[in-house]
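One-letter residues, chain by chain:
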Amino acid sequence: MLSSGEERPQAEERPQPAAGVPAENAARARARLGVAMFGVLLAAYAVNAMDRMVFPVLLPDVRAEYGFGLGAAGLQSTMFALGMGVTGIPAGLLVARMRRRDVVVLGTVLFSAATLLTVVSAGFADMLVWRLLSGVGEALQLTAIIAIAASAFARHRGAAVGSVNMAFAAGSVIGPALGGYLLSQYGTWRAPMVAFGVLGLVLAVVVVVAVRRWFTEAASPVGEQVTQVGGASRLLSRNPMVLAAVTVLFGLADFGFIGMYASYLREQLGYSSGQAGLVVGLSGLAAFASIVGGHLVDRINPRTAVAGFQILGALAAVALFVGSDALWWQSVWSFLFGLFASAGSYVALAGCLVKSVDLRNAGRAAGLFVTAIYVPAGFAGYLFSLLATLSNWQAAGLIQLGALSLIGAALTLLLRPQDFSRPVPPSAPVTEHLETGS
């Protein structure tokens, strides 16, 4: 293992240009190859999303077989979030000490094995363990992939992180549809779980074979002759801590929406299950714009990016909970909330947290993001239901989705944009500004 200050091992040399091939062409070839390998990593993450999103669809069948109550079934469905939350920071430390590709493979194998073990569960307790371990595997995989994106695509870190979220969106669309098909074809909830578990193990092998360590362990951007300067030398510095606090608030708001908005539509507005599914599905569809949000994050300063998306999310929350009950109104604003949250704040916070530190700490920052968003996710639904019980649905939405987002936007005033890391061409004069912490 390496200490945090040592150089990452370079077990594989970068591909060298052939004689007579201009260096610029060789750099372009490396960049194209790097994008292809990144696509393999995104495919592995998409399979993870398929597993996470298909399990709630299978819950009625699981409940019928095991006799779980509604509360127990809900805990099984969301236990992955706790696994992700408690693993995020340790995963960041692991990424700093192991090869990132190996951490991706480890996470992929772990969540795939947990998915397969779920189908042989004897009862509530061991199934809960497997669901928890699936979240641990996802945290390892996601943390490593974000760190790889930040290092390999320094000029386009926001877009790279956005593509990770877009891969999750693709998996979350494919998973329930394919899972439902396999369920109907084989007549058992175990069929899609086995299929996704095996597919994950296959992709782990593909990552080992196809993804080279010169890409995942890149100390400089792939295909780009630039140097990275700036960024905090440790996580306990102003910018990373401020962004972590905003991420916690965002996790409470976003997962409050994910967990309880459908119930609001059905119980308060009287929507049918089909209407509620349509409206909620539009918010998930908006995640496909994540790469666009990432490009925007790459072009404006971090304070403006994070605060802007937080304010827009708060406005969408107000429109959802005090606006019209009409289907078209809720549909439009559900899509916009998903756009500002999934394609906006999620991408901005992940990208900016990684930018807030120097390259050596990119993995730790990615782990901090995972912990900061998924630990509160485990309590977001409970908090929303408590607020609704103490007041009403509208007040709960305005407080948890609206007010917390505005508080997050206000916290961005504490950020120091000049202290974020940035790529600089070698020909440019460099004045490195490292934050010493506060």
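Residues numbered from 1 in each chain as written. Predicted model: local features only at pLDDT ≥ 70, side-chain atom pairs only at ≥ 80, totals over all residues. Heavy atoms only, no water.

Chemist: Looking at this structure, how should I read the overall build of the chain?
Modeler: Helices and strands together make up the secondary structure of the chain, namely 14 helices and two strands. In the chain, which comprises 438 residues, the proportion classed as buried is 53%. (Helix = DSSP H or I, 4+ residues; strand = E, 2+ residues; numbered from the N terminus. Buried < 20%, exposed > 50% of the residue type's maximum accessible area, 1.4 Å probe, protein only.)

Chemist: Just to check I follow, could you spell out the nonpolar core for this structure?
Modeler: In a soluble, globular protein the nonpolar side chains are often hidden away together inside. In this structure, Phe38, Leu41, Leu142, Phe215, Phe369 and Tyr374 are the most contacted members of the largest nonpolar core, which totals 98 residues. Setting aside residues no more than four positions away along its own chain, Phe38 makes contact with Ile145, Ala149, Phe153, Ala160, Ser163, Val164 and Phe215. One finds Phe55, Val119, Met193 and Phe196 within the second-largest nonpolar core, a separate group that totals 15 residues. (Core = buried A, V, L, I, M, F, W, Y, C linked by side-chain atoms within 4.5 Å. Contact = heavy atoms within 4.5 Å.)

Chemist: I would appreciate a short explanation of the environment of Ile148 in the present structure.
Modeler: Position of Ile148 among the secondary structure elements: in helix α4 (residues 124–152). Classification of Ile148 by relative accessible area gives buried; the value is 0%. In the structure, Ile148 is positioned 12 residues away from Ala160 in sequence and 9.3 Å away in space, judged by C-alpha atoms. For Ile148, the contacting residues outside a window of four places in its chain are Leu41, Arg100, Val104, Phe153, Phe215 and Thr216.

Chemist: Explain the pattern of salt bridges here, please?
Modeler: For side chains of opposite charge, pairing can occur when their charged atoms come near one another. One pass over the full model with this rule turns up three salt bridges. The closest approach of N and O atoms between Arg131 and Asp51, which form a salt bridge, is 3.9 Å. Pair noted here: Arg131 is in helix α4 and Asp51 is in helix α1 (residues 23–66), with a separation of 80 residues, a long-range link. Note that Asp298 and Lys355 form a salt bridge whose closest N and O atoms lie 3.5 Å from each other. Here Asp298, found in helix α10 (residues 290–299), pairs with Lys355, found in helix α12 (residues 327–355); they are 57 residues apart in sequence, far enough to count as distant. (Salt bridge = Lys/Arg side-chain N within 4 Å of Asp/Glu carboxyl O.)

Chemist: Before we go on, may I ask you to explain the environment of Leu106 in this structure?
Modeler: Following the sequence through the fold, Leu106 ends up in helix α3 (residues 100–118). A relative accessible area of 39% places Leu106 in the partly exposed class. Each C-alpha atom, one on Leu106 and one on Leu140, is 7.4 Å from the other, the two residues being 34 residues apart in sequence.

Chemist: Please clarify how helix α11 (residues 302–322) should be interpreted in this entry.
Modeler: Counted at 1.5 Å a residue, the expected span for α11 with its 21 residues is 30 Å, and the 30 Å between its end C-alpha atoms agrees. Between the side-chain oxygen of the N-cap and the backbone nitrogen of Arg303 there are 2.9 Å, and the N-cap of α11 in question is Asn301. (Expected span 1.5 Å × (residues − 1). Polar contact = N/O pair within 3.5 Å; in protein donor to acceptor, adjacent residues only side chain to side chain.)

Chemist: Just checking my understanding: could you explain the packing of α4 against helix α5 (residues 157–186) for this structure?
Modeler: Any two packed helices are characterised by the angle at which their axes cross and by the distance between the axes. Contact geometry for α4 and α5: axes closest at 8 Å, N-to-C directions at 150 degrees. It follows from the interaxial angle that α4 and α5 lie roughly antiparallel. With respect to the hand of their crossing, α4 and α5 are arranged in right-handed fashion. Along its contact with α4, which presents Glu138, Leu142, Ile145, Ile146, Ala149 and Ala150, the element α5 presents Arg157, Ala160, Val161, Val164 and Phe168. Here the residues of the contact of α4 with α5 sort into nine nonpolar, no polar and two charged. (Axes fitted to C-alpha atoms, helices over the stretch in contact; angles between N-to-C directions. Parallel < 35°, antiparallel > 145°, perpendicular 65-115°, else oblique. Left-handed = near helix turned anticlockwise from the far one by under 90°. Nonpolar A, V, L, I, M, F, W, Y, C, P; charged D, E, K, R; others polar.)

Chemist: Looking at this structure, how should I read empty space enclosed by the protein?
Modeler: Empty space among the atoms can be located by rolling a probe the size of a water molecule over them. Evaluation of the coordinates by the stated rule reveals two cavities of 30 Å³ or more. Estimated volume of the largest cavity: approximately 50 Å³. In terms of lining, the largest cavity is formed by Phe250, Ala253, Asp254, Phe309, Gln310, Gly313, Phe337, Phe340, Ala341, Ser345 and Ser405. When residues of the lining of the largest cavity are traced back to their parent elements, those giving at least two are α8 (238–268), α11 and α12. Residue contributions to the lining of the largest cavity peak at four residues, all from α12. Tallied by class, the residues present in the lining of the largest cavity amount to six nonpolar, four polar and one charged. (1 Å grid on protein atoms, 1.4 Å probe; cavity = no way out; pocket = protein on both sides within 12 Å on 5 of 7 lines; lining within 4 Å. Points joined across faces, edges and corners; volume = space filled by probe spheres on them.)

Chemist: Please explain the packing of aromatic side chains as it appears in this structure.
Modeler: Given two aromatic rings, one states the distance between the centres and the angle between the planes to describe the pair. Going through the model one piece at a time under the given rule, you end up with 19 aromatic pairs. Consider the rings of Phe321 and Phe384, whose centres lie 6.1 Å apart with planes at 45 degrees: the pair is tilted. Here Phe321, found in helix α11, pairs with Phe384, found in helix α13 (residues 362–390); they are 63 residues apart in sequence, far enough to count as distant. Clustering of aromatic rings is evident, with ring pairs tying together Phe257, Tyr261, Tyr264, Phe321, Phe337, Phe384 and Trp393. (Phe/Tyr/Trp six-rings, centres within 6.5 Å; stacked < 30°, edge-to-face > 60°.)

Chemist: Explain a nonpolar patch on the surface here, please?
Modeler: A grouping of Val173, Ile174, Leu178, Tyr181, Leu285, Phe288 and Phe335 is seen on the molecular surface, where their side chains present a nonpolar patch of about 590 Å² in accessible area. The greatest single-element share of the nonpolar patch, amounting to four residues, is contributed by α5. Here Leu178 is to be found in helix α5. Classification of Leu178 as partly exposed rests on a relative accessible area of 36%. (Patch = residues over 30% accessible without salt bridge, like charges linked within 9 Å, V, L, I, M, F, W, Y side chains within 5 Å. Areas by Shrake-Rupley, 256 points an atom, 1.4 Å probe, with all protein chains shown as cover.)

Chemist: Even after reading the chapter, I still don't get α10, so can you show me in this structure?
Modeler: In an α-helix, one full turn covers 3.6 residues, which means residues spaced three or four apart are oriented alike. Taken residue by residue, α10 has Ser290, Gly293, Gly294, Val297 and Asp298 as its buried positions. Down the axis of α10, the buried set is contained in an arc of 145 degrees. They therefore lie on one face. The exposed residues of α10 that point more than 90 degrees off its buried face are Val292 and Arg299. Packing partners of the buried residues in α10 comprise α5, α11 and α12. (Arc of directions from axis to C-beta.)

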